[in-house]
Amino acid sequence: MGADGSVKLKRKELVKESKGDKIDRIAQIEYNNERWTTCQLSNKPLRDPVVSDYKGLLYNKESILEYLVEPDNFNEKQRQNLSHIKSLKDVVALKTHNFKCPLSDKELGNGGINYVYLIPCGDCMAQKCLELNDTRQCPVCDLPYEDTIVINPTSSETVQELEKRMEILGSKGLTHSLKKLKRKKPSTNRSSKKQKKS
Ligand SMILES: [Zn+2]
């Protein structure tokens, strides 16, 4: 199991650039840079421990924990953006290696290339370093991996693939971290309000 839930990644995702799109591209690059350094929930600087959701976005684990404990402390927009995160099973703890690919030593997010993390181990690396490895074992820690998630994807194709992956997992009762989704049992009559007896 797991193979059909995997994300198929293209060898290269070329950024198509026409001259008129240059300004858009610069804005996109700035936005993308910010995503590599800023927690997408709290807007605080990213620092370990870092977690990521099925969209490949990065968060400080501390902020996610604060959110899960007390969602009402966050504004409506933040709660909307995090509606897919209901427990720690909906995120994967990353091994960021000080925000560097441990194989190429490239800083994560730099060089106009894709970076990925693996599930379940959470090791982050340049996608091209993973592709040099033709086994289904993490080239950093040797653990077998089930899925590859592009971090901060920029192409709409990749975003769609990640959405599709999550749909498939959901239909199998699995979370982003490939742990089982606990389904809430329908409430029994015990939870109904007791009528006051006088
Ligand atoms: Zn690993």
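Residues numbered from 1 in each chain as written. Predicted model: local features only at pLDDT ≥ 70, side-chain atom pairs only at ≥ 80, totals over all residues.

Draft legend 1. Geometry of the overall build of the chain. Broken down by element type, the chain carries five helices and six strands. When the helices and strands of the chain are placed in sequence order, the string is α-β-β-α-α-β-β-β-α-β-α. Out of the 198 residues belonging to the chain, those deemed buried represent 27%. Here the analysis covers contacts within the chain between residues at least 6 apart in sequence; of these, 54% occur between residues at least 24 apart. (Helix = DSSP H or I, 4+ residues; strand = E, 2+ residues; numbered from the N terminus. Buried ≥ 20, exposed ≤ 12 C-beta atoms within 10 Å, placed from the backbone. Contact = placed C-beta atoms within 7 Å.)

Draft legend 2. The confidence of the model for the chain, seen in detail. Mean pLDDT over the chain works out to 86, with 82% of the residues at or above the 70 mark. Taken together, the stretch residues 1-14 has pLDDT below 50 and engages in 21 contacts with residues farther than four places along the chain or on a different chain. In this model residues 191-198 is a low-confidence stretch, pLDDT under 50, and it forms zero contacts with partners more than four residues away in sequence or in other chains. (pLDDT = per-residue confidence, 0-100.)

Draft legend 3. Region of interest: the sheet that holds strand β3 (residues 92-93). Taken in spatial order, the three strands line up as β2-β1-β3 in an open sheet, and their pairing is antiparallel. Strands at the two margins of the open sheet, each flanked by one partner only, are β2 (58-60) and β3. Where strand β1 (residues 50-52) and β2 come together, three bridges link them in antiparallel fashion. In the sheet register, V50 faces β2, and the bridge partner there is N60. In this fold helix α2 (residues 61-69) packs onto β1, β2 and β3, with an angle of close to 75 degrees to the strand it touches most, β2. (Pairing = 2+ DSSP bridges. Axes fitted to C-alpha atoms, helices over the stretch in contact; angles between N-to-C directions.)

Draft legend 4. Seen up close, the sheet that holds strand β5 (residues 124-126). Read across the open sheet, the three strands follow the order β5-β4-β6; overall the sheet is antiparallel. Looking at the sheet topology across the chains shown, the edges are occupied by β5 and β6 (147-150). Neighbour-to-neighbour, the strand axes of the sheet open up by a mean angle of 35 degrees, direction not taken into account. Sheet analysis places strand β4 (residues 115-119) next to β5, joined by three bridges and oriented antiparallel. Bridging across to β5, Y117 finds its partner in C124.

Draft legend 5. Looking closely at helix α5 (residues 156-171). Spanning 16 residues, α5 covers 23 Å between terminal C-alpha atoms, matching the ideal 22 Å at 1.5 Å per step. Among all positions in α5, only T158, R165 and M166 are buried. Angular distribution of buried residues about the axis of α5 spans 95 degrees; they occupy a single face of the element. Facing away from the buried side of α5, by more than 90 degrees, are the exposed residues S156, E157, Q160, E163, K164, E167 and S171. Contacts from the buried residues of α5 go to β6. Remark: G173 follows α5 within two positions and exhibits a positive phi of approximately 75 degrees. (Expected span 1.5 Å × (residues − 1). Arc of directions from axis to C-beta.)

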